[in-house]
Amino acid sequence: MSQRRPLVAANWKMNGALASIRPLVDGIIAGLDTRAEVALCPPAVYLAEVAGRIANTDIALGAQTLSEHRAGAYTGEVSAAMLNDYNCRFAIVGHSERRSLFGEGDIVVARKFQAAQLAGMRPILCVGETLAEREDGATETVIARQLDAVTAVCETADDFAGGVIAYEPVWAIGTGHTATPEQAQAVHAFIRARLDTAFSGLGAATRILYGGSVKADNAEELFAKTDIDGGLIGGASLDVQAFLAICHATR
């Protein structure tokens with residue numbers, strides 16, 4: 001593991017209810033013992049509940065998305081300023097489900113990245129390819145395009161500073177296909193090199209997470225890879241013991 005502090009972020013997606021979230025958060029707090037940074041990203045309606053429960057801990061709060069707009073007539077949207085009211089430190093941008101199901105393109109994702117940065121939050125920029133794109137040999141082309149859209153709106157490396165990348169191979173999430181640690185490492189190394197083409201030294205300074213169905217039984221092998229700095233965890237983050245095992249695998 002590098003000198004970059006590991007990060008494990010839980011993306012609960014549209015799951016949970018007050019009755020399940022309360023014991024989930026309390027169980028994570030009680031069992032957590034790691035040097036890694038840990039973030040919980042609940043559905044927006046539960047941000048206040050989770051914020052209150054983690055207030056006196058080292059666990060960070062994150063949002064699953066945010067609006068690229070500061071304020072205005074955008075019914076149903078949540079702004080960075082609103083998230084700041086709950087001390088959100090992270091915001092996921094460009095998740096594959098936001099791209100595929102809600103039509104968020106590279107330009108919108110770049111604007112969301114900027115909105116989070118300007119509000120003092122750390123965006124977690126998701127990049128990744130579909131099965132068809134991987135089979136066509138287009139993995140690096142797709143990821144380069146997604147990364148370049150964001151670095152293009154950054155005038156200096158400072159405009160990207162604190163940002164996190166999450167590589168999520170769409171083809172390995174809920175499809176029955178599995179990315180090997182070696183495949184994951186290869187793409188992480190490519191991402192790091194691509195960041196350096198935008199700004200020298202940015203690759204080494206940026207945390208890159210793996211988001212391809214990380215589970216308790218594969219986390220340690222994945223996190224041992226040189227360029228993998230932690231994980232963006234989906235389904236396993238809804239289970240206290242599974243999530244704790246993943247967090248502790250960063251040791």
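Presented here is a report on the structure given in the accompanying data block. Remember, predicted model here, so these are calculated numbers, not experimental data. (Residues numbered from 1 in each chain as written. Predicted model: local features only at pLDDT ≥ 70, side-chain atom pairs only at ≥ 80, totals over all residues. Heavy atoms only, no water.)

Topic: the pairing of strand E5 (residues 122–127)
Burial analysis of E5 places 5 of its 6 residues in the buried class, which makes it a mostly covered element. Relative to E5, strand E4 (residues 88–93) runs parallel, the two being bridged by 4 bridges. Looking across to E5, one finds that Phe90 is bridged to Arg122. Looking at chain direction, E5 and strand E6 (residues 164–167) are connected through 4 bridges and run parallel. What sits directly across from Cys126, in E6, is Ala166. (Buried < 20%, exposed > 50% of the residue type's maximum accessible area, 1.4 Å probe, protein only. Helix = DSSP H or I, 4+ residues; strand = E, 2+ residues; numbered from the N terminus. Pairing = 2+ DSSP bridges.)

Some remarks on the packing of aromatic side chains
This structure, assessed with the given rule, holds 2 aromatic pairs. Consider the rings of Tyr167 and Tyr210, whose centres lie 6.1 Å apart with planes at 50°: the pair is tilted. Taken as a pair, Tyr167 in strand E6 and Tyr210 in strand E7 (residues 207–210) lie far apart in primary sequence, 43 residues in all. Judged by its relative accessible area of 1%, Tyr210 is buried. Over the ring of Phe102 we find Arg98; its NZ or CZ atom is 4.2 Å from the centre of that ring. (Phe/Tyr/Trp six-rings, centres within 6.5 Å; stacked < 30°, edge-to-face > 60°. Lys NZ or Arg CZ within 6 Å of the ring centre and 35° of its normal.)

Regarding the pairing of strand E3 (residues 60–63)
Residues of E3 alternate between two faces, with Ala60 and Gly62 on one and Leu61 and Ala63 on the opposite face, all of them buried. With 2 bridges joining them, strand E2 (residues 37–41) and E3 adopt parallel strand pairing. Looking at E3, one finds that Leu40 is bridged to Leu61. Viewed along the sheet, the connection from E2 through helix H2 (residues 47–53) into E3 turns out right-handed. Direction of pairing for E3 relative to E4: parallel, over a ladder of 3 bridges. By the bridge assignment for E4, Leu61 is matched with Cys88. (Right-handed = clockwise from strand over helix to strand, strands pointing away.)

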